[in-house]
Amino acid sequence: MAKGEITINEEYCKGCSLCVEFCPKGCIAMSTDKFNNRGLLMPIFAKPEECTGCTICGFMCPDAAIVVYRFEKAKATVSGG
């Protein structure tokens, strides 16, 4: 189960691929056919199930085009009777 998720703002992204290079799990890949309005190739969230929510892609993005969401593990609660 994925521990995180990312969104990529295509209009901020310039397709530099730093997010692809630095993702430790290989969750992001450069598209071969997805372009933004400026005609630049865009990265895609290729392996969402592998995302750990580490935020490295967001920190490495020079254009602040990536937002990382971390999922918290549900905590078990014990109810007393």
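Thresholds applied
- Residues numbered from 1 in each chain as written.
- Predicted model: local features only at pLDDT ≥ 70, side-chain atom pairs only at ≥ 80, totals over all residues.
- Heavy atoms only, no water.
- Helix = DSSP H or I, 4+ residues; strand = E, 2+ residues; numbered from the N terminus.
- Buried < 20%, exposed > 50% of the residue type's maximum accessible area, 1.4 Å probe, protein only.
- Areas by Shrake-Rupley, 256 points an atom, 1.4 Å probe, with all protein chains shown as cover.
- Salt bridge = Lys/Arg side-chain N within 4 Å of Asp/Glu carboxyl O.

**Student:** Help me understand the overall build of the chain in this model?
**Tutor:** Secondary structure summary: the chain contains two helices and four strands in total. Reading the chain from its N end, one meets helices and strands in the order β-α-β-β-α-β. Across the 81 residues in the chain, those meeting the buried criterion constitute 25%. Element-wise, carbon and sulfur atoms account for 55% of the exposed surface of the chain, whose accessible area totals about 5700 Å².

**Student:** How do you make sense of the pattern of salt bridges when you look at a structure like this?
**Tutor:** A complete count under the given rule lists two salt bridges for this structure. Among the salt bridges present, the one from Lys34 reaches Glu10, with a minimum N-O distance of 2.8 Å. Highlighted residues: Lys34 in strand E2 (residues 28–35) and Glu10 in the loop between strand E1 (4–8) and helix H1 (18–22), separated in sequence by 24 residues. According to the relative accessible area criterion, Glu10 is partly exposed, its value standing at 25%. With a closest N to O distance of 3.8 Å, Lys14 and Asp63 form a salt bridge. In this pair, Lys14 is assigned in the loop between E1 and H1 and Asp63 in the loop between helix H2 (56–60) and strand E4 (66–70), connecting sequence segments 49 residues apart. Overall, the relative accessible area of 26% leaves Asp63 in the partly exposed class.

**Student:** Help me understand the environment of Cys23 in this model?
**Tutor:** Here Cys23 lies in the loop between H1 and E2. For the pair Cys23 and Cys57, spaced 34 residues apart in sequence, the C-alpha to C-alpha distance is 6.0 Å.

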